[in-house]
Amino acid sequence: MLAAGARVVLPRQGGAWYVGAVLGEGGQGTVYELVPEAAGRRALALKWYRPEAIHPSQRAALVRLVARPAPSSAFLWPTELVDGEHGAFGYVMPLRPPESRPLADLLIGRVDVSFSTVTRLCMGLADAFLQLHAQGLCYRDISLGNVFFDVATGQPLICDNDNVGVDGEHAARVLGTARFMAPEIVRGEAQPSTATDLYSLAVLIFYVLMVHHPLQGRRELHFACLDQAAEQQLFGDQPVFVFDPIDDSNAPDPVVHPAVLRYWPLYPAYIRQEFIRAFTVGLANPQARVREGVWRSRLARLLDGITACACGRENFTDEGHAGQCWACGADLPEPVRLEFGGRSLVLRAGARLTRHHLRRDYDYAHVLGEVVAHPSRAGVWGLRNLSDATWAMTLSEGDASNDVPPGRAAGLVPGAVIDFGGGITARIVA
């Protein structure tokens, strides 16, 4: 361990920091806060390896990682290597923001977030690993313990990036986390890779959306305890998806697994179908696994289809069609939608039109419009123009268009067409 108050000079950062409080401990080492010596600088975090975890290959991996930028802002990426006495070392990374919470807090009910937040979290994870894999890297240890998230926005933060390596180039010292490792790794047939990352990502997304593991059904009840032999069979030798459409031998038990039985039917068929693919053909064939970009696309569609019940709970729609509220049982009205060809955005209160909806670039940060209530007419809603461009709105075919300048709102009139400029138009439907 490092002594509190020890001074650490960081050449790449330019300056010195002092070792502060312990932020966390794991199997490989301890994470400390680094307090800046100079006023006005941000605190950092330092992971310091235990003597038994020190290995030349780990140091070499860190040298490679600090030499490249983070794949995306979702990664708490190593920024500098720190060497100590007797071969000890560690690495510096950004400090995790105080508003971020462990993913486990969501699954055990310590925090209560909306479906919108959960969907954005999963979409952010898919995007982050897409960026990582696009650089020829693999994470090797995707699991619940390595993810934090912002409760307000759903933005993920991925930590423990010191195990990241070049796909297929360097042997992994860490094979993964139990129940998240691909079956071929559990069987000892493969090393971690991008293909095994895809399996782990699918497990993680299923866990977040369904609050359950995709392979833990009634078959686990046959074992007195889930020891190594049981896990070898359930997650390696004979894995069976709990919702396998052909083999129901591992279906959820209504008494032991009520959560997954409750959540599964809430999601549209296009989400359930990807899980079926991931955990049927994808179990045996790594090349058939669901890609990160597919998850990102499906989750973006899921997010855009969320509507709200009068009871305040969010619900998913399928192609804009709503059923009954999962929380109170009330019939949901058919939502007003903005249709862009084959895509649509449910225009519920507070819904935001972003650059992604116009350009399909997954840029949700640039907000171009927001659904707002009329200031004096109850029950009347409009889409306020928050962009820098003037929109043109046509109420029906053959009518003259009306300008909707920045700051003004276009009424949500079914059949009306909004021209956003650049050849991009959308129709309001109900």
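Just above, that's the structure.
Residues numbered from 1 in each chain as written. Predicted model: local features only at pLDDT ≥ 70, side-chain atom pairs only at ≥ 80, totals over all residues. Heavy atoms only, no water.

Novice: Whenever I open this one, the nonpolar core confuses me. Can you help?
Specialist: Looking at soluble globular proteins, one finds that nonpolar side chains tend to be buried together. Counting residues in hydrophobic clusters, the biggest one holds 64 residues, and the most contacted among them are Phe206, Leu209, Phe275, Phe279 and Trp295. Sorting the residues of this core by element identifies helix H2 (103-107), helix H3 (115-134), strand S9 (147-150), helix H5 (194-210), helix H6 (228-237), helix H8 (269-278) and helix H10 (292-304) as the ones contributing at least two each. Broken down by element, this core gets its largest block of residues, eleven residues, from H5. Once you skip the residues sitting within four places of it in the chain, Phe206 turns out to touch Val211, His212, His213, Pro214, Phe241, Val242, Phe243, Val260, Trp264, Phe275 and Phe279. Among the nonpolar cores identified, the runner-up in size contains 21 residues, and Leu353, Trp391, Met393 and Phe420 belong to it. (Core = buried A, V, L, I, M, F, W, Y, C linked by side-chain atoms within 4.5 Å. Buried < 20%, exposed > 50% of the residue type's maximum accessible area, 1.4 Å probe, protein only. Helix = DSSP H or I, 4+ residues; strand = E, 2+ residues; numbered from the N terminus. Contact = heavy atoms within 4.5 Å.)

Novice: Any chance you could explain a nonpolar patch on the surface here in plain terms?
Specialist: A surface patch of nonpolar side chains, about 290 Å² in accessible area, is lined by Leu221, Val255 and Val256. Looking at the secondary structure, you find Val256 in the loop between H6 and helix H7 (258-263). (Patch = residues over 30% accessible without salt bridge, like charges linked within 9 Å, V, L, I, M, F, W, Y side chains within 5 Å. Areas by Shrake-Rupley, 256 points an atom, 1.4 Å probe, with all protein chains shown as cover. Salt bridge = Lys/Arg side-chain N within 4 Å of Asp/Glu carboxyl O.)

Novice: Sorry if this is basic, but what is going on with the packing of aromatic side chains here?
Specialist: Under the defined criterion, the tally for this structure stands at 24 aromatic pairs. Their ring planes at 35° and their centres at 5.4 Å tell us that Phe241 and Phe279 sit as a pair that is tilted. Pair noted here: Phe241 is in the loop between H6 and H7 and Phe279 is in the loop between H8 and helix H9 (281-284), with a separation of 38 residues, a long-range link. Side by side, Phe241 and Phe279 carry an identical accessibility label, which is buried. With a centroid separation of 4.9 Å and 45° between ring planes, the pair formed by Phe275 and Trp295 is classed as tilted. Taken together, the positions of Phe275 in helix H8 and Trp295 in helix H10 put the pair 20 residues apart, joining distant regions of the chain. Trp295 carries the same exposure label as Phe275, and that label is buried. (Phe/Tyr/Trp six-rings, centres within 6.5 Å; stacked < 30°, edge-to-face > 60°.)

Novice: Help me understand the pairing of strand S23 (residues 424-429) in this model?
Specialist: The side chains of a regular strand alternate, residue by residue, between the two faces of the sheet. Bridging between strand S14 (residues 337-340) and S23 involves three bridges; their strand directions are antiparallel. Residue pairing for S23: Arg337 is matched across the bridge by Val429. Bridge count for strand S22 (residues 417-421) against S23 is four bridges, and the pairing is antiparallel. Residue pairing across strands places Val417 opposite Arg427, the latter belonging to S23. As consecutive antiparallel partners, S22 and S23 are separated by two residues, and within that stretch Gly422 has a phi angle of approximately 65°, a positive value. (Pairing = 2+ DSSP bridges.)

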